[in-house]
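Commentary on secondary and tertiary structure
One letter stands for each residue in the lines below.
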Amino acid sequence: RRIRTKYNSGQSEDVWNYKNDGRRKRDEIVEMVEKICDNTAKAMGGEVEFKRTIGYPCLVNHKGMTDLNKRTAFPLLGEGNVIEVAPTMGVEDFAYFLQKVPGSFL
């Protein structure tokens, strides 16, 4: 899922987005950000209100389906033309399907 953390310093509003590959890790990041915000506010004599908004789910490809797609694509496109990309902070509707059935976003 994408985690959208927004804080308002009285002058401006800042938004941080985090995407990762699991609920546990996402919760750890939220906890860490909340502590940082709280400690920063306290150190400056202020208070912070932390409100969590959860957006799209993480898009996590199923390993077996990804391997099948690679094995199929290599002979068709050439192994040098099939690349794996690093995880990004983008979101995709296809992530909802992957929560229900094994698949791989190409």
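Residues numbered from 1 in each chain as written. Predicted model: local features only at pLDDT ≥ 70, side-chain atom pairs only at ≥ 80, totals over all residues. Heavy atoms only, no water.

A look at the confidence of the model for the chain
Selection rule: On a scale of 0 to 100, pLDDT captures the predictor's confidence in every residue. Secondary structure elements are defined from DSSP: runs of H or I of at least 4 residues count as helices, runs of E of at least 2 residues count as strands, and each element is numbered from the N terminus. By definition in these notes, contact holds between two residues if any of their heavy atoms fall within 4.5 Å.
When pLDDT is averaged along the chain, the result is 79; 77% of the residues meet or exceed 70. Across the chain, helix H2 (residues 63-77) holds the top mean pLDDT of 93, while strand E2 (residues 13-19) sits lowest at 48. Note that residues 1-5 has pLDDT below 50 and, in this model, 34 contacts with residues that lie over four places away or in other chains. In the model, residues 11-20 has pLDDT below 50 throughout and makes 38 contacts with residues more than four positions away in sequence or in other chains.

Focus on the pattern of salt bridges
Opposite charge on two side chains permits them to pair, given that their charged atoms come into close proximity. The following threshold applies: Any Lys or Arg side-chain nitrogen found within 4 Å of a carboxyl oxygen on Asp or Glu counts as a salt bridge. The classification of residues rests on relative accessible area computed with a 1.4 Å probe and restricted to protein chains. Under 20% of the type maximum is buried, over 50% is exposed, and intermediate values are partly exposed.
Counted by the stated rule, this structure contains four salt bridges. Across the salt bridge formed by Arg 52 and Asp 27, the nearest N and O atoms sit 2.8 Å from each other. With Arg 52 in the loop between helix H1 (23-43) and strand E3 (53-54) and Asp 27 in helix H1, the pair connects residues that are 25 residues apart, well separated along the chain. On the accessibility criterion, Arg 52 (33% relative accessible area) is partly exposed. Overall, Asp 27 belongs to the partly exposed group, its relative accessible area being 27%. When the shortest N-O distance is used, the salt bridge between Asp 38 and Lys 42 registers 3.2 Å. Placement of the pair is Asp 38 and Lys 42 together in helix H1, with a separation of four residues, close to one helical turn. Relative accessible area serves as the criterion here: at 26%, Asp 38 is assigned to the partly exposed category. A relative accessible area of 56% places Lys 42 in the exposed class.

Quick notes on the environment of Arg 52
Counted only if it meets this: Pairs of N or O atoms are called polar contacts if they sit within 3.5 Å, as long as, within protein, a hydrogen donor faces a hydrogen acceptor (for residues adjacent in sequence, only side-chain-to-side-chain pairs).
Each C-alpha atom, one on Arg 52 and one on Val 30, is 8.0 Å from the other, the two residues being 22 residues apart in sequence. Arg 52 has contacts with Arg 26, Asp 27 and Val 30, leaving out every residue within four places of it along the chain. Looking at Arg 52, its side chain comes within polar contact range of the side chain of Asp 27, at 2.8 Å.

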